[in-house]
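# Coordinates in review
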Amino acid sequence: MSSADAAEVTDAELAAMHHAAGLARGIAGRTSPNPPVAAVILDPAGRRLGEGVTQPAGGEHAEVMALREVGEAARGATAVVTLEPCNHTGRTGPCTEALLAAGITRVVFAVSDPNPLAAGGGDRLRAAGVEVVAGPARELVAEGALRPWLHSVALSRPFVTWKFASTLDGRSAAADGTSKWISNPVSRTDVHELRDIVDAIVVGSNTVLLDDPQLTVRGVGGAADGELTQRQPLRVVIDRRHRVPPDAQIFDDAAETLVLDTAVPRFALKALYDRGIRHVLLEGGATLAGAFLEAGLVDEVVAYIAPKLLGAGPAALNDAGITSMVDAVTLEVSDVIRLGDDVKIVARPSRPAGQEE
Ligand code: AOF
Ligand code: ZN
């Protein structure tokens, strides 16, 4: 897309795209393997006629949902979509044809569809005489709700967010093994918000044996305090030697659980990708995180740092295969947020040339 294309966009369309980006954020974690997409239909005066979002996997695409809401008024209207309308028949029909049949005469989309099977929607629409503007707010959308999906399509593996909580001196538990209440309640709620937008939560068998975590989403997304949120991510435990006992909390009926008996992170991710998982939250422990990091399989780091000092106790990260300062994984910090007295840091590894990506 040239910048001249983006300049063609109207203020109302740009505002609609920002609105759509927000709608798409609201369905993160609910559409995989499909991308979380949102569409807004505008009348020629730029007024919002309707909107739609991608339905859970196998369901309708955003454009179809929006067109359904708008009905006959779509004739001569503009569709503003976060992702290029698909041009293929997958589990649903092509959105390009639905837009044409509805009489849409202008389409604005932010990000081109990288899926070769579905791509080409912009060209198809142009060929049918529709005005197409590609690229407005591309960065906002690509760095927002679509980011894990875009990443996973490019790499053919899920996007991996590694989350940990530690004291200011980098410890995830005290010397006596106690690890509860490192971070404060605000941070703990924030973790549930994070779990709420991923497809799967991954831990190692050690974490299950030591902490017996539930790995569910509670108290967010409309659920009352402490109550289970309606949609739960898949719980995954990497347990090569089948050490996790059947009475572990992860095997309760609050959510689905998968045991993977591989020691190779790449194989684990492949198995999850094949199940339609596009965004994984890696929650522990320190050694599993080290293995992922060493393999170049961590795409985002979310750290909750509590202003506490222990001076002894296990580290938040172990055995990442690094012995010298020159080999340290360098992170690019994208966000620093205060959660009460805790500090949340969101960062991504800046990969040296030759490594994955
Ligand atoms: C759109 N609008 O809302 C979404 C799109 O198997 P299907 O038919 O559901 O197609 C899945 C593909 O369609 C997916 O990989 C991506 O390329 C595109 N998703 N496209 O026009 C949407 N979710
Ligand atoms: Zn579609």
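Residues numbered from 1 in each chain as written. Chains lettered and ligands numbered in written order. Predicted model: local features only at pLDDT ≥ 70, side-chain atom pairs only at ≥ 80, totals over all residues. Heavy atoms only, no water.

With that settled, consider the overall build of the protein chain. When helices and strands are tallied, the protein chain shows 11 helices and 13 strands. In terms of overall dimensions, the protein chain is globule-like: its C-alpha atoms have a radius of gyration of 22 Å, near the 21 Å expected for 357 residues. In terms of its C-alpha atoms, the protein chain occupies a principal-axis envelope of roughly 70 × 45 × 40 Å. Taking all 357 residues of the protein chain together, the buried fraction comes to 49%. Sequence-distant contacts, at least 24 apart, represent 71% of the contacts inside the protein chain between residues at least 6 apart. (Helix = DSSP H or I, 4+ residues; strand = E, 2+ residues; numbered from the N terminus. Rg over C-alpha atoms; globule rule 2.2 N^0.38 Å. Buried < 20%, exposed > 50% of the residue type's maximum accessible area, 1.4 Å probe, protein only. Contact = heavy atoms within 4.5 Å.)

A word on the pattern of salt bridges. Once the charged atoms of two side chains with opposite charge are near each other, the side chains can pair. This model, assessed by the stated rule, comprises 19 salt bridges. The closest approach of N and O atoms between Arg75 and Glu72, which form a salt bridge, is 3.6 Å. Residue Arg75 is classed as partly exposed on the basis of its relative accessible area of 49%. Note that Arg106 and Glu131 form a salt bridge whose closest N and O atoms lie 2.5 Å from each other. Here Arg106 is found in strand β4 (residues 106-111), whereas its partner Glu131 is found in strand β5 (residues 131-134), with 25 residues between them in sequence. Under the relative-accessibility criterion, Glu131 is labelled partly exposed at 45%. (Salt bridge = Lys/Arg side-chain N within 4 Å of Asp/Glu carboxyl O.)

Turning to the sheet that holds β5, a few remarks are in order. Strand order in the open sheet formed by 5 strands is β2-β1-β3-β4-β5, with mixed pairing between adjacent strands. Whereas interior strands pair on both sides, the edge strands pair on one side only; in this sheet they are β2 (48-53) and β5. Looking at each pair of strands side by side, their axes are set apart by 15 degrees on average, direction ignored. Pairing between strand β3 (residues 78-83) and β4: 5 bridges, direction parallel. Note that in β4 the partner of Val80 across the bridge is Val108. (Pairing = 2+ DSSP bridges. Axes fitted to C-alpha atoms, helices over the stretch in contact; angles between N-to-C directions.)

Near ligand 1 lie 19 residues; those nearest to it are His61, Ala62, Glu63, Cys86 and Asp113. In this structure, an oxygen atom belonging to ligand 1 sits 2.6 Å away from a side-chain N or O atom of Asp113. The protein chains hide 95% of the 520 Å² of surface that ligand 1 would expose on its own. Residues that form the shell around ligand 1 fall into these classes: 8 nonpolar, 7 polar and 4 charged. (Near = heavy atom within 4 Å. Polar contact = N/O pair within 3.5 Å; in protein donor to acceptor, adjacent residues only side chain to side chain. Areas by Shrake-Rupley, 256 points an atom, 1.4 Å probe, with all protein chains shown as cover. Nonpolar A, V, L, I, M, F, W, Y, C, P; charged D, E, K, R; others polar.)

The subject of this paragraph is the pairing of strand β10 (residues 279-284). The buried count for β10 comes to 6 of 6 residues, which makes it a mostly enclosed element. Judged from the 4 bridges that link them, strand β6 (residues 159-167) and β10 form a sheet pairing that is parallel. In the strand pairing of β10, Phe159 is matched with His279. Taken together, the 4 bridges between strand β7 (residues 200-204) and β10 define a ladder with parallel strand orientation.

Another aspect to go through is the packing of aromatic side chains. Tallying each qualifying case throughout the model produces 1 aromatic pair. Stacked on the ring of Tyr273, the Lys or Arg Arg278 has its end atom at 3.8 Å from the ring centre. (Phe/Tyr/Trp six-rings, centres within 6.5 Å; stacked < 30°, edge-to-face > 60°. Lys NZ or Arg CZ within 6 Å of the ring centre and 35° of its normal.)

We now examine the coordination of the zinc ion (ligand 2). His61 (ND1), Cys86 (SG) and Cys95 (SG) make up the full set of protein donors to the zinc ion (ligand 2), lying at 2.0 to 2.2 Å. Geometry at the zinc ion (ligand 2) is tetrahedral, judged from the 4 donor atoms that bind it and their angles of 94 to 121 degrees at the metal. Written as a sequence motif, the donor arrangement for the zinc ion (ligand 2) is H-x24-C-x8-C. With His61 in the loop between β2 and α3 (62-70) and Cys95 in helix α4 (residues 95-102), the pair connects residues that are 34 residues apart, well separated along the chain. Comparing His61 with Cys95 shows no difference in burial state: the two are buried. (Donors = N, O, S within 2.8 Å, 3.2 Å for Na, K, Ca; no water. Tetrahedral: all angles 85-135°; square planar, octahedral: opposite > 155°, others 65-115°.)

A word on the domain arrangement of the protein chain. For the protein chain, the domain assignment lists domain 1 (6-150) and domain 2 (157-350). For domain 1 versus domain 2, the separation of C-alpha centres amounts to 33 Å. In this assembly, 9 residues from domain 1 lie in contact with 12 residues from domain 2. A buried area of about 970 Å², summed over both sides, lies between domain 1 and domain 2, and 45% of it is on carbon and sulfur atoms. (Domains from an automatic or database assignment. Buried area = accessible area lost by both parts, 1.4 Å probe.)

Another point: the side chain of Thr167. Position of Thr167 relative to the elements: it lies in strand β6. The buried category is assigned to Thr167, whose relative accessible area is 2%. Contacts of Thr167, omitting those with residues within four sequence positions, involve Ile182, Ile305, Ala306, Lys308 and Leu310.

On the surface, Ile322, Val329 and Leu331 cluster together to form a nonpolar patch covering roughly 210 Å² of accessible area. Here Ile322 lies in the loop between β11 (300-306) and β12 (331-339). (Patch = residues over 30% accessible without salt bridge, like charges linked within 9 Å, V, L, I, M, F, W, Y side chains within 5 Å.)

Moving on: the environment of Gly313. Examined against the element boundaries, Gly313 turns out to sit in the loop between β11 and β12. Accessibility expressed as a relative area gives 24% for Gly313, which makes it partly exposed. Sequence-distant contacts of Gly313, defined by excluding residues within four places in its chain, comprise Arg171, Ala173, Ala174 and Ala175.

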